Amino acid sequence: MRMDFYSLSTVLLVILITCLLAKYTRMMLEKAKLPPGPTPLPIIGTLYKMKLSNVVRSLMELHKTYGDIFTIYEGHRPCVVLCGYKAIKETLIDKAEEFSGRGYYPVFYDFTKGDDLAFSNGEKWKELRHFSQLTLTNFGMGKRSIEERIKEEAEYLIDLLRKTNGSPIDPKHHLHGFVCNVICSVIFGKRFDYQDEEFQNLVHWLQDSFRIMSNPWGLMYNVYPGFMKYIPGPHKQLMKNYTFITDLIRKKMENNIKSLDSNNPRDYIDCFLIKMKKEEKKSVTYYNHNTLVMSSLLLLFGATETVSNTLCYLFLLLMKHPNVAEKVYKEIDNVIGHRSPNYEDRHKMPYTEAFIHEVQRFADVAPMSLPHELTKDTQIRNYTFRKGTVFLPLLTGVHYDKTQFNNPKNFNPNNFLDEDGKFKKNNAVMAFSAGKRICPGLSLALMEIFLFTTTMLQNFTIKPLVSPEDISIDPVGVGLAHIPPNYEFCLLPRSQK
Ligand code: HEM
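Note that the structure is predicted; figures quoted are calculated from it, not measured.

## As for the overall build of the chain
Link 1 in the chain: Regarding its fold elements, the chain presents 17 helices and eleven strands.
Link 2 in the chain: Relative to the globule expectation of 23 Å for 497 residues, the C-alpha radius of gyration of the chain, 24 Å, shows essentially globular dimensions.
Link 3 in the chain: Oriented by its inertia axes, the alpha-carbon framework of the chain measures out at about 85 × 55 × 45 Å.
Link 4 in the chain: Burial status across the chain gives 53% buried among its 497 residues.
Link 5 in the chain: Summarising the internal contacts of the chain: among those between residues at least 6 apart in sequence, 73% fall at separations of at least 24.
Link 6 in the chain: When the 62 positive and 53 negative side-chain charges of the chain are each reduced to one mean point, those points stand 4 Å apart.

Written out as structure tokens, the structure is:
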């Protein structure tokens, strides 16, 4: 009996090793056809080359050795990294259709199962994305424009901030609240009171999930989803957070269904329900309750941390560079004065526009974008990549590309100004990525950033608690996002200046 047990174990071990060797041999044969990169090891792939606390830095290091297109291995799965403006232009932009697929991204996909607008592919993705983008750009969403919703929210927050009476505050929480309320107004048709318990929970779940995704646990889940499902750790909280958020969306959806007036949609949910009705007789439709809930979840995710982290960096960089701040204040005073800012004003405010673009470049809030997958076999340089190959657009490589910016490590709004002080666009700012998967919330985000920044600086002088040299701008989390450090400032009403 004992003998049998040992024989069985030996046989199993031999089978296991043979399988591993076969898999490894296949991986090495495949590797020969892919761009260069570090040698993958069985099971861990090229993980040994990654500093889990700052994967972006590790990838930028590999770029120095292997060039602007190189291959890494997430476990046994190859992933081709695109680094720098030229590499991203040749792929995401010049071969937009081929690069329009979404690669497997377990931290989200394992929950939504691709029933949403960000982690779906093919016709489902095209439909859900097109519909959501139209809705986000105001198409048929009631009487109030998105600009009005943003202005209303900015006013609420300014009133709240006025009550701080110049005492030190950490703006992170307020900025998250502002941004979350804007997207809530779009999806649910109404803003929440900042003290509302449901709202505070929502902000917490979103923030907490991003924090987990931007730490080593989130990263490990993306590499070994099957294994990590059985390991305790903070990543387990992710799925719980998603469940809380989707329960809330489902509750709102049920209320909308009861009070729906097809001629007067109030929000994204109403628009979705109306579209569902229109398509109910079709043999194939992608509009159902589950795609509504999952797409709303992804819009909430897409729209909150990205914009609020950008705003957190924006005010931090403003304090770090008082000479830049001076010019922004001056332009706001000259062009807007005391009336409320409009989005149209940006055309007359080149310095503020340049400042915002430089913040987006420098802060690089979504450093690794999201994975893309080839929709068909494609030739890039000397490589023929097979359909299904996964690519990671490393946006940091574009934003810090020395061929596109002088001294990219320095913060300098002049990167976006010509000799006459006019705003000068630079295609190498890809905070929203590029190609067919470019962020569908781009217009909403830019409008929020411009309107909130100008409203805030029109009302307050931002006073740091320490001198500019002592202000740290190093992120406290690097992964899906660059998470800005916590900081404090005092807000002095502009009249007291
Ligand atoms: C400063 C703010 C923002 C930044 C930096 C940002 C950045 C990005 C990036 C890098 C991607 C990945 C694109 C790719 O696959 O190559 C993305 C996708 C996406 N973003 Fe944003 N985003 C922002 C704001 C928003 C807002 C306000 C919304 C919603 C209203 C939103 C919703 C989405 C969605 C749904 C996707 C997936 C699109 C798809 O797969 O087709 N984002 N965003």
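## A word on the environment of Glu-488
Link 1 in the chain: Looking at where Glu-488 falls in the secondary structure, it is placed in the loop between strand S10 (482-483) and strand S11 (489-493).
Link 2 in the chain: Considered as a pair, Glu-488 and Lys-463 are 25 residues apart in the sequence and their alpha carbons are 9.1 Å apart.
Link 3 in the chain: Beyond its immediate chain neighbours, meaning those up to four positions away, Glu-488 contacts Pro-168, Ile-169, Asp-170, Pro-171, Met-319 and Leu-465.

## Digging into the sheet that holds strand S1 (residues 69-74)
Link 1 in the chain: Here we have five strands laid out as an open sheet, ordered S1-S2-S7-S4-S3, and mixed in their pairing. For this open sheet the edge positions go to S1 and strand S3 (101-102), each flanked by a neighbour on one side alone.
Link 2 in the chain: Pairing of S3 with strand S4 (residues 372-373), which is carried by two bridges, proceeds in the antiparallel orientation. Paired with Arg-102 across the strands is His-372, a residue of S4.
Link 3 in the chain: Packed onto the sheet, helix H2 (residues 55-66) meets S1, strand S2 (77-83) and strand S7 (390-394) and runs at close to 135° relative to S1.
Link 4 in the chain: Most of the contacts of helix H3 (residues 85-93) go to S2, to which it runs at about 115°, and overall it touches S1, S2, S4 and S7.

## Comments concerning the coordination of the iron atom of the ligand
The textbook angles at a metal center are 109.5 degrees for a tetrahedron of four donors and 90 or 180 degrees for an octahedron of six.
Link 1 in the chain: Of all protein atoms, just one serves as a donor to the iron atom of the ligand, and that atom is Cys-439 (SG), at 2.3 Å.
Link 2 in the chain: Mapped onto the elements of the fold, Cys-439 is located in the loop between helix H16 (395-399) and helix H17 (442-459).

## Digging into the pattern of salt bridges
A side chain with one charge may pair with a side chain of the opposite charge, provided their charged atoms come close.
Link 1 in the chain: A complete count under the given rule lists 24 salt bridges for this structure.
Link 2 in the chain: In this structure, Glu-61 and Lys-64 form a salt bridge, with 3.1 Å as the shortest nitrogen-oxygen distance. Placement of the pair is Glu-61 and Lys-64 together in helix H2, with a separation of three residues, close to one helical turn.
Link 3 in the chain: A relative accessible area of 42% places Glu-61 in the partly exposed class.
Link 4 in the chain: By relative accessible area, Lys-64 is classed as exposed at 63%.
Link 5 in the chain: Lys-436 serves as the salt-bridge partner of Glu-97, at 3.5 Å between the closest nitrogen and oxygen. Taken together, the positions of Glu-97 in the loop between H3 and S3 and Lys-436 in the loop between H16 and H17 put the pair 339 residues apart, joining distant regions of the chain.
Link 6 in the chain: For Lys-436, a relative accessible area of 40% corresponds to the partly exposed category.
Link 7 in the chain: Shared partners join several salt bridges into a network, and the residues in it are Asp-68, Lys-86, Glu-90 and Arg-381.

## Observations concerning the site of the ligand
Link 1 in the chain: As a structural note, the neighbourhood of the ligand is formed by 29 residues, with Arg-102, Arg-129, His-372, Ser-433 and Cys-439 the closest of them.
Link 2 in the chain: The contact in question runs from an oxygen atom of the ligand to an N or O atom on the side chain of Arg-102, over 2.8 Å.
Link 3 in the chain: Gly-302 places a main-chain nitrogen or oxygen 3.2 Å from a nitrogen atom of the ligand.
Link 4 in the chain: Within the residue set of the shell around the ligand, elements represented by two or more residues are helix H5 (122-136), helix H13 (289-320) and H17.

## Some remarks on the side chain of Asn-309
Link 1 in the chain: Locating Asn-309 in the fold gives a position in helix H13.
Link 2 in the chain: Judged by its relative accessible area of 1%, Asn-309 falls in the buried class.
Link 3 in the chain: In contact with Asn-309, other than residues within four places in its own chain, are His-176, Val-365, Ala-481, His-482, Ile-483 and Pro-484.

## Details of the pairing of S7
Link 1 in the chain: For S7, the tally of buried residues reaches five of five residues, placing the bulk of the element in the interior.
Link 2 in the chain: Judged by which residues are buried, S7 turns out to be covered on both faces: Val-390, Leu-392 and Leu-394 on one side and Phe-391 and Pro-393 on the other are all buried.
Link 3 in the chain: Across four bridges, S2 lies against S7 in parallel orientation. Residue pairing in the sheet places Leu-82 in a bridge with Pro-393 of S7.

Rules and cut-offs
- Once a new chain begins, its residue numbering starts again from 1 and follows that chain's sequence as written.
- Only residues with pLDDT of 70 or above have their local features reported here, since the model is predicted, and side-chain atom pairs are shown and tallied only from 80 upward, although totals for entire chains, interfaces and linings are computed over all residues.
- Hydrogens and water molecules were not included; the side-chain quantities draw on all heavy atoms of the structure.
- Per the convention used, a helix needs a DSSP run of H or I reaching at least four residues, while a strand needs a run of E reaching at least two, with both numbered from the N terminus.
- When we talk radius of gyration, it's over C-alpha atoms, and the globule rule is simply 2.2 Å times the number of residues to the 0.38.
- Per-residue accessibility, obtained with a 1.4 Å probe over protein chains only, is compared with the maximum for each type, and a residue is labelled buried under 20%, exposed over 50%, and partly exposed between these values.
- Here, residues are in contact when the closest pair of their heavy atoms is within 4.5 Å.
- The charged-residue count follows a simple rule in which Lys and Arg add positive charge and Asp and Glu add negative charge, with His and chain termini not counted at all.
- A charge is said to be at NZ when it belongs to Lys, at CZ for Arg, at CG for Asp and at CD for Glu.
- Here a strand pair is declared whenever DSSP counts at least two bridges between the two strands.
- Only the stretch in contact is used when fitting a helix axis, every axis being a line fitted to C-alpha atoms; angles between N-to-C directions are given from 0 to 180 degrees.
- Note that water is not among the atoms considered, so a metal site may appear incomplete; the donors listed are N, O and S atoms within 2.8 Å of the metal, with 3.2 Å applied to Na, K and Ca.
- Should a side-chain nitrogen of Lys or Arg be within 4 Å of a carboxyl oxygen of Asp or Glu, the pair is scored as a salt bridge.
- The near set for a molecule or strand comprises every residue that places at least one heavy atom within 4 Å of it.
- N or O atoms within 3.5 Å of each other form a polar contact, as long as, within protein, one can give a hydrogen and the other can take it, and as long as residues adjacent in sequence are counted only when both atoms are side-chain atoms.

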